[in-house]
Amino acid sequence: MSQWTQLSREGLWTNNPALVQLLGLCPLLAVSATVVNALGLALATLLVLVGASTTISLIRHQVPSAVRLPAFVMVIAAFVTCAEQLMAAFAYSLYQILGIFIPLIVTNCAILGRADAFASRQPVLPAAIDGLMMGLGFGAVLVLMGAIRELVGQGTLFSDMALLFGPVAAHWQITLVADYQFLFFILPPGAFFVAGLLIALKNVLDQRRAARAQPVNIAPRAERRVRVTGTIK
């Protein structure tokens, strides 16, 4: 397995920040009520992860070990500020909805953890790929939770996508059930429930895959010896 394939598999599945490492759960549970909210935060987190991992890899030999973590936090905070300003400029309504959860990306343990555990010890390209795949893995779970909660909680899908993509997305909404609301899935308890289901589903799939990968031991067939007796005339 090549290094790029391994990094991709770890970020998207085997070491997914949301389903395996269980990092960054605060925004994952609080913002995933709809697809547009989840996608907006996922894109911001992806930008910060890629930018911070690349920058930290570039400066890894210049930062003294005594101030390593504060320096990493400053780098992450700089990219969070960039993401916040971009969202405020191009998607201001969504920026107001997400509110404090965009600045809180600075405290996301998934970003700081990858910066300290991987980016600070690897060259630039592997660090950038790792940040990209970790961001995609986290964002995929975030958007999937938003889709499930919006679908079960409101009976719609892709509602208010114009907040992120502008007027061109005004008619993207899919309404499966009109005038419907299941409040449990819209509120934070529904987020915990959906997150638990996704984690359980991943564990079941991993167990089945591991069971299929195990070789099947077939006991050798015992040879039957038949004794023939008779008289020769």
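No experiment lies behind these values; they were computed from the predicted model shown. (Residues numbered from 1 in each chain as written. Predicted model: local features only at pLDDT ≥ 70, side-chain atom pairs only at ≥ 80, totals over all residues. Heavy atoms only, no water.)

Our next topic: the nonpolar core. Counting 45 residues, the largest nonpolar core has L28, V48, I105, V141, L142 and M145 as the members making the most contacts within it. In terms of residues, this core owes the most to one element, helix α3 (residues 35-58), which gives 11 residues. Every residue in contact with M145, bar those within four places of it in the chain, is listed here: L28, L29, S32, A191, V194, A195 and L198. (Core = buried A, V, L, I, M, F, W, Y, C linked by side-chain atoms within 4.5 Å. Buried < 20%, exposed > 50% of the residue type's maximum accessible area, 1.4 Å probe, protein only. Helix = DSSP H or I, 4+ residues; strand = E, 2+ residues; numbered from the N terminus. Contact = heavy atoms within 4.5 Å.)

To continue, consider the packing of aromatic side chains. The geometry of two aromatic rings is summed up by the distance between their centres and the angle between their planes. Enumeration over the complete set of coordinates arrives at 7 aromatic pairs. An aromatic cluster of three or more residues is present, and its members are F182, F184, F185 and F193. (Phe/Tyr/Trp six-rings, centres within 6.5 Å; stacked < 30°, edge-to-face > 60°.)

Mapped onto the secondary structure, D130 falls in helix α7 (residues 124-154). Setting aside chain neighbours within four positions, we find D130 in contact with L7, R114 and F118.

Looking at the chain as a whole, its pLDDT mean stands at 90, while 92% of the residues score no less than 70. For the chain, the element scoring lowest by mean pLDDT is helix α2 (residues 25-30), at 87; α3 scores highest, at 96. (pLDDT = per-residue confidence, 0-100.)

Further remarks concern helix α10 (residues 188-213). Helix length check: α10, at 26 residues, gives a terminal C-alpha distance of 38 Å against a target of 38 Å (1.5 Å per residue), a fit within 8%. All buried positions along α10 are accounted for by G190, A191, V194, A195, L198 and K202. Looking at the buried positions of α10, the neighbouring elements they touch are α1 (3-14), α2, α7 and α9 (183-186). (Expected span 1.5 Å × (residues − 1).)

Applying the stated rule across the entire model yields 3 salt bridges. One salt bridge connects D206 with K202, and the closest N-O pair in it is separated by 2.5 Å. Pair noted here: D206 and K202 are both in helix α10, with a separation of 4 residues, about one helical turn. (Salt bridge = Lys/Arg side-chain N within 4 Å of Asp/Glu carboxyl O.)

Relative to the helices and strands, V106 is located in the loop between α5 (92-98) and α6 (109-117). Here V106 falls in the partly exposed class, since its relative accessible area comes to 21%. Between the C-alpha atom of V106 and that of V48, which follows or precedes it by 58 residues, the distance is 8.8 Å. The residues touching V106, leaving out its near neighbours within four places in the chain, are V73, I76, A77 and V80.

Running from amino to carboxyl end, α3 crosses α7 at an angle of 170°, the nearest separation of the two axes being 8 Å. The orientation of α3 relative to α7 falls into the category roughly antiparallel. Considering the relative orientation of α3 and α7, their crossing is right-handed. Residue classes in the contact of α3 with α7 are distributed as 19 nonpolar, 8 polar and 1 charged. (Axes fitted to C-alpha atoms, helices over the stretch in contact; angles between N-to-C directions. Parallel < 35°, antiparallel > 145°, perpendicular 65-115°, else oblique. Left-handed = near helix turned anticlockwise from the far one by under 90°. Nonpolar A, V, L, I, M, F, W, Y, C, P; charged D, E, K, R; others polar.)

Another point: the side chain of N37. Tracing the chain through its elements places N37 in helix α3. Among the residues examined, N37 registers a relative accessible area of 12% and is labelled buried. Aside from chain neighbours lying at most four places away, what touches N37 is V31, L94, I97 and L98.

In this section: the environment of G51. Following the sequence through the fold, G51 ends up in helix α3. Between the alpha carbons of G51 and A78 there is a distance of 9.6 Å; along the sequence they are 27 residues apart.

What follows deals with the packing of α3 against helix α4 (residues 68-90). Where α3 meets α4, the axes come as close as 9 Å, and the angle between the chain directions of the two elements is 140°. With respect to the hand of their crossing, α3 and α4 are arranged in right-handed fashion. Counting all contacts with α3, which are made through G40, A44, L47, V48, G51, A52, T55 and I56, the residues of α4 involved are F72, V75, I76, F79, V80, A83, L86 and M87.

With that settled, the discussion passes to unusual backbone geometry. Backbone geometry places L22, a non-glycine residue, at a positive phi of 55°. The residue L22 is located in the loop between α1 and α2 in this model. Positive phi, normally seen in glycine, also occurs at F158, with a value near 65°. Mapped onto the fold, F158 is located in the loop between β1 (156-157) and α8 (162-165). Using a relative accessible area of 32% as the deciding quantity, one classes F158 as partly exposed.

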